[in-house]
Structure formats: structure tokens, C-alpha cells
Amino acid sequence: MERVLIGGGTGFIGRALRRALLQKGYGVIIISRKPSQGSMMSWDDIVVNGVPECKAVINLAGENILNPQHRWTEAFQKTVRDSRVETTGRLAKAIMRTPTRPQVFVCSSAVGFYPPSSTNEYSEDSPGGTGDFMAELCRDWEAAGKLPDQSETRHVIIRTGIVLGRSGGLVQNAIWPFFLGLGGRIGSGKQFLPWIHLSDIVGIYMHAIENNNMNGVFNGVAPMSCTNEEFTKSFARALWRPALFPVPTFAVNCVFGEDRAKVITEGQKVVPTRMMETGYQYRFPTVDSACKECARLIYTDTELQ
């Protein structure tokens, strides 16, 4: 049985990816700060022993940037950074110490690599990585996973957008306000919302594992971009509810801090040019199709994991 090692495998995307891998017959090992069973190992194990023999190593680890329980202090910014950069660096070093190296090392990043803009369109070849905390974080995050040029392990970076799924993220936070008719756009609503459905970001990671031609940076977003206002209208329509209560920018800034709130109040139009070229077929290419799936009120326990 081929195995996949996942850092951050207990989070929103990690749980869904683990389920998809198991359904395809892979063995899955999760790296956790507090391993509790045989299919888990600790980050200390990785440092001491390297990575176990496996087909792929995937890193999804990272503290939730928009965790409202934490103020945007220097200490929390360090936590956000270390949870991404340090874990990715540990895995890269562990791979190079391992005698039988994995075929591919897939690292997560974010569309925050690109500067916010109401006019520019960003493909994987567009410049970025400077200008604010998020861009510089993404730059260092990606650099931490770089393997030597002579390495036989493929290195794939997925710059992920806002992930839409009932079991976490934006939709989990928004569904009840919207269901009660209290939803609305954020700020002007004109800012782009680079989004992707949970099923497709999982599909992209699976594609990266199994497609030997994938190497380098790929934008993990849907092919049909939308604005925050367009998403708001689509989600409300899928729930058969109005969207009459906009959230002013200053309110978001008060909750998260202005720098962190840019993730919500500003945006960028990101296109998955290289991903489309690989032949990946999106299950939910439009925001309407994604919102309709997310708006279903009856889910099985498996779907909620």
C-alpha cells in the first residue's frame, strides 16, 4: 500500500484530503502536535527520524489567520508565521535526510502572495511576495519548502484561495447568519474573492500526487472568479434568503485589525492558468454551483468530517 504523509491533516482541508486518500486505497500518516494513535506521528519524530517511506509528503499546517480569539499582535503574527514556515522547512530538511525519498512534496501557500487589486489579473507567473505581511509570509513559506535542484522529489506549491465547504472556513461561519436572513456583502463588495470549493482543492492535491508532470507553482482557485458581492448574492440565493445587511469595512477592521482584515476587505483576481493546463477537471467551476452544494441543509456525518 502506498502511503501519504500529511502535516496539518486534522484541519478543514486535511480531514477531507485524508478521507479522499483512504477512499483511493492510500495509507495516510498524520503529523500532529499531539499524536494519539498508530496512524499519527509528532513533529519531533520528523526532526529526529526524518519522514517515513511514502509516495508523497503534503504540508497543510498553519494557524488560522482569521482566528477572532487572537488579537493581531506581534506574538500572534509570529505564531502564524512559524506554523507555516517552520513546519515546511522541517519537512524539506527531513526529506533530504531520508534514504528513500518521496516522489512529491506538495506545499500549501496562499493567494495572498499577490497584492490586492481591483484591476489586475494574476496567474502563476505574476510577481508578488512583497508589500505586506501576507505577501511576505507566502514568499517565505514557499521558499522554506525548496529542495535542492538535484533532488528527485517533485516540489509542488498550491497557492490556495478561500475554500468553500460546509465543514469549515467561510461557509461554516456564514451559513447561519445567511439562513436567518442577516447576511450581506463585506465593505463595498467590489473586491475580488479568489475562491475554490473544498472538493476541488482536495482534487488538486490528489492531482499533484498522481500527475508526475506537475512541478512548481499552481493557483488553487476556481476558473470562474467572482467578487464578494457576487458570492453574497449567490450564497443567499442558494439558501432562498435575502442578503440585506452589509458589513462595513470599519467593523471588520475592529474585529481583526486593519492589516489582517485585508484578507476579507480587499482581494485579487487570481486565475489557475497552469492548473487548467494540467487537465484538471473542476467539479465546481462556478460560484453558483459551489454555493448550491454548500447550501444543502442535510449532510451525512462523513461529509461533516
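Look above for the structure.
For every chain, the first residue of the written sequence is number 1, and numbering continues from 1 onward in sequence order. With pLDDT at 70 or above as the cut-off, local features in this predicted model cover only qualifying residues; side-chain atom pairs require 80 or more to be listed or tallied, and sums for whole chains, interfaces and linings still use all residues. Calculated side-chain values reflect all of the structure's heavy atoms, with hydrogen atoms and water omitted.

Attention now moves to the overall build of the protein chain. For the protein chain, the helix and strand inventory stands at 12 helices and 13 strands. Based on C-alpha atoms, the radius of gyration is set beside the globule rule, defined as 2.2 Å times the residue count to the power 0.38. Taken over the C-alpha trace, the protein chain has a radius of gyration of 19 Å; the compact-globule value for 305 residues is 19 Å, and the two agree within 12%. Across its three principal axes, the protein chain shows a C-alpha extent of roughly 60 × 40 × 40 Å. Partly exposed describes any residue whose relative accessible area lies between the buried limit of under 20% and the exposed limit of over 50%, with all areas from a 1.4 Å probe on protein chains only and scaled to the type maximum. Within the protein chain, buried positions represent 54% of all 305 residues. Residues count as neighbours in contact if any of their non-hydrogen atoms are within 4.5 Å of one another. A separation of at least 24 residues holds for 78% of the contacts in the protein chain among residues at least 6 apart in sequence. A 1.4 Å probe and the Shrake-Rupley method give the accessible areas. Residues count as covered only by the protein chains that appear here. As displayed, the protein chain has an accessible area near 14,600 Å², and 52% of this comes from carbon and sulfur atoms. Starting at the N terminus, helices and strands are each numbered in turn, a helix being any DSSP run of H or I of at least four residues and a strand any DSSP run of E of at least two.

The tendency in soluble globular proteins is for nonpolar side chains to be buried as a group. Residue types Ala, Val, Leu, Ile, Met, Phe, Trp, Tyr and Cys, when buried and joined through side-chain atoms within 4.5 Å, form a set referred to as a nonpolar core. Grouped together as the largest cluster of nonpolar side chains are 34 residues, with contacts concentrated most on Leu17, Leu21 and Ile201. Examining the composition of this core, we find that eight residues originate from one element, helix H6 (residues 198-210), more than from any other. Those residues in contact with Leu21 that sit more than four places away from it in its chain are Val4, Ile6, Tyr26, Val28, Met206 and Ile209. Listed in part, the 19 residues of the second largest apolar core include Leu193, Trp195, Ala222 and Leu239.

Turning our attention to the environment of Ile29. You can see Ile29 is positioned in strand E2 (residues 27-32). Placed 28 residues apart in sequence, Ile29 and Val57 show a C-alpha to C-alpha distance of 9.6 Å. If near-sequence neighbours (up to four positions away) are discounted, Ile29 is found in contact with Arg3, Val4, Leu5, Ile6, Ser39, Met41 and Pro52.

What follows is about the packing of aromatic side chains. Planes of paired rings set the category: under 30 degrees apart is stacked, over 60 is edge-to-face and the rest tilted, where pairs are Phe, Tyr or Trp rings (Trp by its six-membered ring) whose centres lie within 6.5 Å. The full count for this structure, using the stated rule, is eight aromatic pairs. Taking 5.3 Å as the distance between ring centres and 85 degrees as the angle between the ring planes, the aromatic pair formed by Trp176 and Phe179 counts as edge-to-face. Taken together, the residues span about one helical turn, with Trp176 and Phe179 both in helix H5 (residues 169-179) at a distance of three residues. According to the relative accessible area criterion, Trp176 is exposed, its value standing at 53%. For a Lys NZ or an Arg CZ to count as sitting over a ring, it must be within 6 Å of the ring centre and within 35 degrees of the ring normal. Lying across the ring of Phe179, Arg241 places its NZ or CZ 4.3 Å from the centre. Taking the ring centre of Phe218 as reference, the NZ or CZ of Arg274 above it sits at 4.3 Å.

Another point: the packing of H5 against helix H7 (residues 228-238). Helix-helix packing is characterised by the crossing angle of the two axes and by the distance between the axes. Interhelical geometry of H5 versus H7 gives an angle of 60 degrees and a closest axis separation of 11 Å. Taken together, H5 and H7 sit at an angle that is classed as oblique. With respect to the hand of their crossing, H5 and H7 are arranged in right-handed fashion. In contact with Leu170, Val171, Ala174, Ile175 and Phe178 of H5, H7 contributes Phe231, Thr232, Phe235 and Ala236. Each residue gets one of three labels, nonpolar for Ala, Val, Leu, Ile, Met, Phe, Trp, Tyr, Cys and Pro, charged for Asp, Glu, Lys and Arg, and polar for the others, Gly among them. Residues that form the contact of H5 with H7 fall into these classes: eight nonpolar, one polar and no charged. Structural elements are reduced to axes, namely lines fitted to C-alpha atoms, with helices fitted over the stretch in contact, and the angle between N-to-C directions of any two is expressed from 0 to 180 degrees. In these notes the angle categories are as follows: under 35 degrees is roughly parallel, over 145 is roughly antiparallel, 65 to 115 is roughly perpendicular, and the rest is oblique. If you view the pair so one helix is near and one far, a crossing is left-handed when the near helix is turned anticlockwise from the far one by less than a right angle, and right-handed when it is turned clockwise.

Turning our eyes to something else, we now look at a nonpolar patch on the surface. Surface patches are defined over residues having more than 30% relative accessible area and no salt bridge, joining like charges when they lie within 9 Å and nonpolar side chains (Val, Leu, Ile, Met, Phe, Trp, Tyr) when within 5 Å. Note on definitions: salt bridges are taken to be side-chain nitrogens of Lys or Arg within 4 Å of carboxyl oxygens of Asp or Glu. Together, Leu180, Leu182, Leu244 and Phe245 give the surface a local cluster of nonpolar side chains, amounting to about 440 Å² of exposed area. Tracing the sequence through the fold places Leu180 in the loop between H5 and strand E9 (192-193). A relative accessible area of 58% means that Leu180 is categorised as exposed.

Take the residue count of a helix, subtract one, and multiply by 1.5 Å to get its expected span. Here helix H3 (residues 74-97) contains 24 residues, and its C-alpha end-to-end distance of 33 Å stays within 8% of the 34 Å for a straight helix at 1.5 Å per residue. Taking the largest bend as the criterion, H3 deviates by roughly 35 degrees, centred on Asp82. Considered for burial, the residues of H3 that qualify are Phe76, Val80, Ser83, Arg84, Val85, Thr87, Thr88, Gly89, Leu91, Ala92, Ala94 and Ile95. Two axes define the bend at a residue: one fitted to the seven residues ending there, one fitted to the seven starting there, and the bend is the angle between them.

Looking now at the environment of Ile58. Mapping Ile58 onto the fold places it in strand E4 (residues 56-59). Spatially, the C-alpha atoms of Ile58 and Phe105 are 5.9 Å apart, while their sequence positions differ by 47 residues.

What follows deals with empty space enclosed by the protein. Lining residues are defined by having an atom within 4 Å of a point belonging to a cavity or pocket. Those points lie on a 1 Å grid over the protein atoms alone, cavities being sets where a 1.4 Å probe fits but cannot get out and pockets being open sets with protein on both sides within 12 Å along at least five of seven lines. Grid points are joined across faces, edges and corners, and a volume is the space filled by probe spheres set on the points. Across all of its chains, the model carries one cavity of 30 Å³ or more by this definition. Forming the walls of the largest cavity are Leu193, Pro194, Trp195, Val221, Ala222, Met224, Ser225 and Val270. Of the residues contributing to the lining of the largest cavity, the split by class is seven nonpolar, one polar and no charged.

Keep in mind these values describe shape, not function.
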